[in-house]
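# Structural features, examined
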Amino acid sequence: MAKKTLVTAALPYANGPLHLGHLAGAYIPADVYVRYQRLKKTDVIFICGSDEHGVPITIRADREHVSPREIVDRYHFMMKESFRRLGIVFDNYSRTSLPMHYKISQGIFLRLNEKGYVREQQVKQYYCPTCRRFLPDRYIEGECPNCHRTDARGDQCEGCGRWLEPEQLIGPKCKVCGSPPEMRMTKHWYFRLSQLQKRLEQWQASKSEWKGNVREFCAGWFQEGLTDRPITRDIDWGIPVPLPDAAGKVLYVWFDAPIGYISSTVEWAEKQGSPERWRDYWCDPETRLIHFIGKDNIVFHAIVWPAVLMAHEGFVLPDQIPANEFLNIEGKKLSTSRNWAVWVDDYLQIFPPDPLRYYLAANAPESKDSDFTWKDFQTHNNAELADILGNLINRSLSFIEKQFGGKVPAPSELSSADRELLAAVADATDRIGRSFEEFQVRRATVELMDLARTGNKYFNDAAPWSTIKTDRARCATTLNTTVQLEAALALLMDPIMPFSAEKLWKMLNMPGSHRDHAWDDAPRLRVPDEHPLGLREILFHKIEDDIIDQQIQKLHSSTPA
Ligand SMILES: [Zn+2]
Ligand SMILES: [Zn+2]
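Within each chain, residue numbers correspond to sequence positions counted from 1 in written order. A letter from A marks each chain and a number from 1 marks each ligand, given out in the order of writing. Only residues with pLDDT of 70 or above have their local features reported here, since the model is predicted, and side-chain atom pairs are shown and tallied only from 80 upward, although totals for entire chains, interfaces and linings are computed over all residues. Side-chain metrics rest on all non-hydrogen atoms present in the structure, leaving aside hydrogens and water.

With phi around 65 degrees, His148 is a residue other than glycine that occupies positive phi space. Within the secondary structure layout, His148 lies in the loop between β6 (140–143) and β7 (152–153). Whether a residue is buried, partly exposed or exposed follows from its accessible area with a 1.4 Å probe, protein chains only, as a fraction of its type maximum: under 20%, in between, or over 50%, in that order. Take His148: its relative accessible area is 44%, and that puts it in the partly exposed class. Of note in the backbone geometry, Phe439 takes a positive phi value of approximately 60 degrees without being a glycine. Only runs of H or I of at least four residues qualify as helices and only runs of E of at least two qualify as strands under DSSP, and these elements are numbered from the N terminus. Within the secondary structure, Phe439 sits in the loop between α13 (416–437) and α14 (441–462).

Multiplying 1.5 Å by the helix residue count minus one yields the expected span of that helix. End to end, helix α4 (residues 99–114) covers 22 Å across 16 residues, agreeing with the expected 22 Å (1.5 Å per residue, within 8%). All buried positions along α4 are accounted for by Met100, His101, Tyr102, Ser105, Gln106, Ile108, Phe109 and Leu112. Each element contacted by the buried residues of α4 is listed here: β3 (92–95), β4 (118–128), β9 (182–191), β12 (250–251), α7 (253–271) and α9 (298–312). Just beyond α4, the residue with positive phi is Gly116, at close to 80 degrees. Residue contacts are counted whenever heavy atoms from the two residues lie within 4.5 Å of one another.

Taken together, the protein donors to the zinc ion (ligand 1) comprise Cys144 (SG), Cys147 (SG), Cys157 (SG) and Cys160 (SG), at separations of 2.3 to 2.4 Å. The donor definition counts N, O and S atoms within 2.8 Å of each metal and applies 3.2 Å to Na, K and Ca; water is not among these atoms, so some sites may look incomplete. In short, tetrahedral needs four donors with all angles between 85 and 135 degrees, square planar needs four and octahedral six donors with opposite donors over 155 degrees apart and all other angles between 65 and 115, and whatever is left is irregular. Geometry at the zinc ion (ligand 1) is tetrahedral, judged from its four donor atoms and the angles of 104 to 116 degrees they form at the metal. Here the donor residues for the zinc ion (ligand 1) map to a single chain with the spacing C-x2-C-x9-C-x2-C. Taken as a pair, Cys144 in the loop between β6 and β7 and Cys157 in the loop between β7 and β8 (170–174) lie far apart in primary sequence, 13 residues in all.

The subject of this paragraph is the sheet that holds β9. An order of β5-β4-β9-β10 is seen for the four strands of this open sheet, with the pairing classed as antiparallel. Strands with a single pairing partner mark the edges of an open sheet, and in this sheet they are β5 (133–134) and β10 (229–230). Two strands form a pair only when DSSP identifies at least two bridges running between them. Direction of pairing for β9 relative to β10: antiparallel, over a ladder of two bridges. Paired with Phe191 across the strands is Arg229, a residue of β10.

Once that is clear, we can look at the pattern of salt bridges. A side-chain nitrogen of Lys or Arg and a carboxyl oxygen of Asp or Glu constitute a salt bridge if their distance falls within 4 Å. All told, the structure shown has 43 salt bridges when counted by the stated rule. With a closest N to O distance of 2.6 Å, Asp31 and Arg357 form a salt bridge. Here Asp31, found in helix α1 (residues 20–39), pairs with Arg357, found in helix α11 (residues 353–362); they are 326 residues apart in sequence, far enough to count as distant. Across the pair Asp319 and Arg288 runs a salt bridge, and its minimum N-O distance is 3.2 Å. Of this pair, Asp319 sits in the loop between α9 and β14 (323–324) while Arg288 sits in strand β13 (residues 288–294), and the two are 31 residues apart along the sequence. Among the ionic contacts, a cluster of salt bridges with common partners joins Asp31, Arg35, Arg357, Asp494, Glu502 and Arg515.

The following block contains the structure:
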């Protein structure tokens, strides 16, 4: 029996809808991996939820004159629905504004505090006398000392991209009321990350199988030396710091967000009716904990979060952190503020989910940034899904309809070509599985399509349209063997294209669900002799040029010059 596996995907921030960058970075690779593990019959759970705290949410709420609650409710449900329509199936999708998450986060904070991993520090911070509150960095605007753009933020200038401290801004103003803020002393609580550097380094030394981007990133941080980090903020949206002298302070969003993985698992266990079951995953050293993230999240998942888990004690540490690079759009860096993005809900209005899942898997930014272009998406759909995979299925099943009354003909003696095809299925099952196991989704996608290519070549070479006239038994054997390949394909394509896998299984009129079977059984699935096929439909439709041109036009016209 395989180990227990707990898979998480980065909690998406409830401040806007999902775009393709999110999918390529974390959610598609994670869902593909989990679907594969489910077929391997591993004890796996897939945990996620919305990240609902932090300043960008309060700024958006202020701008729209609504409460932060309204913002997070809107995007929580919107994202949850987008995930569902994409076939991304979490065992639990929670949210960090739940009371249970507050309790768990406060408990972890208190435990770190008791164990001496938290210290207080007086710091100077801007305060708005008009709004009567301390201002987080992003609540301050002013002139950039570098490029002199006048609306630079207290943490970064959008004009020149430079990271800033709020006191570097020339003529700082409160973003809400426009008043000039004043410097005041305030108190914050710091996590003693510096004390954990040695343990973190020792632990990571054993992680030689981690991806290069993660290991190099961490090595850089270790070399610079880890510094203590504030884990509280002066805003009123968030989890109150559970100490008597901390009125008005909340936990910093980066501190409470990863704790959301634990609280979402607790919520899952409660829904299962066995509230303690979350411990089977989080507290059993045999559990493999896997965090799927984008590269912007490496520092939190590979350094800060494991340090919190170490300091707390009693929890497993991450076993793998498959971080992906970024997805660019039409050759340019994706930017939500400039609306240079393809939004999931817009995509789903026009196209089915599987071609996108396939394209993002084939084009996953695994070791370097990759590029989404509409033309390339069209090419993958038309030349691979429709012309290779879809075509094989369509022409073989329609042949059986016409020549064999829609019933899978019984085979006679297998030729060496037949046996080679069946051997290719067994070989592909192993190879694709190994690629998933090693987080090589791109490679798995190529191997899957190669199997369909092999099937097409086999079918062409066997030329059943000719043997039907000369050697009906040979023709029947070709069709039977092709159908066995297709039953295997339904199983093997499930992680990447779950909707098409279901359709294919139905077209083959096989009983139950393909998911009742195990991955390793793919080469042994048998469609019985004389088995009647189901209703045939086109598995992948070609996408016409004008539809693609419209998408390109839409992208360009929605971006401010
Ligand atoms: Zn600037
Ligand atoms: Zn103000």
